[in-house]
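Chain by chain, the residues:
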Amino acid sequence: MNLRCTLCNRTYPLDTRRWRCECGGAFDVAGLPGFDPATVDSSAPGLWRYRATLPLPENATPVTLGEVTTPLVEAELDGLRFHCKVEYLSPTGSFKDRGTAVLVSVLRALGVQKVAEDSSGNAGASLAAYTARAGIACTVFVPAHASPAKQAQIAAFGAQLVRVPGPRENAARAVQEAAAEGAYYASHYYNPLGLAGLRTIAYELWEQLGRRVPDNVVLPAGHGTLLLGIYRGFRDLKQAGLITRLPRLFAVQAQPCAPLHAAFIQGNAEPIIVEEGATVAEGVRIARPLRGQEILAAVRETGGQVLAVPDEETLAGRDALAQRGLYVEPTSAVAIAALAHLRPVIGADEITVVPLTGSGFKSPLHQPRFQEVVRDFVRQHGLLHTPETHALDLVSEVGEVAKEVLKSTDYGQRPFAPTPELADELGDALYVLAALADSCGVDLEQSLEGVLHKYAARLESTGHAGSD
Ligand SMILES: [Zn+2]
């Protein structure tokens, strides 16, 4: 087994510290074993059942946190029946553990001592946990807008958490700089060792469905590693002569950031570069999917589609699923939201699988709901038609509140202790600010970071935060 460039076919040894080819191409594992039912180890838990298919050196001991064969739970939504593959029951609450368990096991066997990764949260939390288990130092670069619950999880495992302001891509740039300084870049999308572990979802599904292939798999896609893992897993089964066709793959993106969808509807082979729009589905907020060409080809080969759903439908999908006892984060719910659009193409007797990728415990508790309420209110009352009107209203409102605050402190002579009425007004102003920022696609956390950086710089140069 070695690593092979997907662009120029040049090969590198498995223990290379390079994270991509000299030509810039991403690696795949060459010589990866396929699936053979005779090699399935029924006594091993979770994905280790399929160890013979994984790129582990023979003498390597797996780094494990108690991976399980994730259950298939039946559900029904508006008359459409489907199977949920409950991946959020993995050790750190997301499907990423399948890839990370394999990747970190290989890295420990290779003697790697220090890794870095960029992630919107789940891959980072997974890597932080498995490296903690393996005694490998870990740094995770997350976009500052990543869910606080995921950031807390990463830090709890003892990884160094670096919050990077700005779009997701800034975190990617930051980790590449760290890699240039000697850390092993344990990327969940560049590194193909983890990707090899994701094929085990397909093997499990085949076994759980009574050695049958499902008709449809509907799943969230950002960098699309889950889709590629499942595609390659079923391709292994087909090559082994165990199934005769592949399931149709339906990749679902969030409308505010949907480069694969744009390419699919325009018939492009490559993803179309888009602006990275803010979305509640933070895990698929990826403007340049690394292996986009392969994803689009896989979707087309299987007769599937790429869809994009608006955040409102995603949140409604999450709620509908929760009302059936299954609690997922919004990123997972894009696939649930897509089911309504797929009803015309999914037959009543077909087997449809939706992997539930991440736990609801990882999502911000109030913010999406809060924004939803604001949006509904604004829509219902025809308020604040344009961002310009929003801004003007807000400026005058903040001016009024500021006057009240000044008066209540006797123009700075007394400490600020707002009356309930003033606190209400202040709350209203913040509410409008949040709605305005949201409608303009402004990242509030990022803006806040920017302001704090500015003040910190001023403190350093002048010793006080005020103007000179
Ligand atoms: Zn190359």
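Every value quoted in this text rests on a predicted model; they were computed, and no experiment measured them.

With respect to the sheet that holds strand β13 (residues 352-355)
Next up, step 1: Read across the sheet, six strands follow the order β4-β5-β13-β10-β11-β12 without closing on themselves; strand pairing throughout is mixed. Only two strands of the sheet have a single neighbouring strand rather than two, namely β4 (72-77) and β12 (305-309). Sheet twist, expressed as the average angle between the axes of neighbouring strands with direction ignored, equals 30°.
Next up, step 2: Where strand β10 (residues 216-220) meets strand β11 (residues 248-254), five bridges bridge the pair, whose relative direction is parallel. The partner of V218 across the bridge, within β11, is F250.

Focus: the sheet that holds strand β8 (residues 160-164)
Next up, step 1: Within the open sheet, the four strands sit side by side as β8-β7-β6-β9. Their pairing is parallel. Edge positions in the sheet fall to β8 and β9 (184-185), since each of these pairs with one other strand and no more.
Next up, step 2: Across five bridges, strand β7 (residues 137-143) lies against β8 in parallel orientation. Directly across from T139, in β8, lies its bridge partner Q160.

Things to note about the packing of helix α7 (residues 225-239) against helix α9 (residues 292-301)
Next up, step 1: At a minimum axis separation of 10 Å, α7 and α9 run at an interaxial angle of 50°. Classified by the angle their axes make, α7 and α9 are oblique. The interaxial crossing formed by α7 with α9 has left-handed handedness. Here L227, L228, Y231 and R232 of α7 come into contact with α9, specifically with E294, I295, A298, V299 and E301.
Next up, step 2: Of the residues contributing to the contact of α7 with α9, the split by class is six nonpolar, no polar and three charged.

A word on the packing of helix α10 (residues 311-322) against helix α11 (residues 330-342)
Next up, step 1: Here α10 crosses α11 at 95°, and the two axes come no closer than 7 Å. When the interaxial angle is binned, α10 and α11 end up roughly perpendicular. Across the interface between the two elements, E313, T314, L315, G317, R318 and L321 of α10 pack against P330, A333, V334, I336, A337 and H341 of α11.
Next up, step 2: Looking at the contact of α10 with α11, its residues break down into seven nonpolar, three polar and two charged.

What counts as what
Every chain is numbered independently, its residues counted from 1 as its sequence is written. In keeping with the predicted nature of the model, local features appear solely for residues at pLDDT of at least 70, side-chain atom pairs appear and are counted solely at 80 or more, and the whole-chain, interface and lining totals rest on all residues. Calculated side-chain values reflect all of the structure's heavy atoms, with hydrogen atoms and water omitted. A pair of strands counts as paired when DSSP detects no fewer than two bridges linking them. For the purposes of this entry, the term helix denotes a DSSP run of H or I that reaches at least four residues, the term strand denotes a run of E that reaches at least two, and both are numbered from the N terminus. Under this scheme, a helix contributes an axis fitted over its contacting stretch, all axes are lines through C-alpha atoms, and angles between N-to-C directions fall in the 0 to 180 degree range. Any angle that is under 35 degrees is reported as roughly parallel, and any over 145 degrees as roughly antiparallel; angles of 65 to 115 degrees are reported as roughly perpendicular and all others as oblique. Note: crossing handedness is left-handed where the near helix turns anticlockwise from the far helix by less than a right angle, and right-handed where it turns clockwise. For this analysis, residues touch if any pair of their heavy atoms sits within 4.5 Å. Under this grouping Gly is polar, as are all residues other than the nonpolar Ala, Val, Leu, Ile, Met, Phe, Trp, Tyr, Cys and Pro and the charged Asp, Glu, Lys and Arg.

Note that every value here comes from positions in space, so none of it alone points to a role or purpose.
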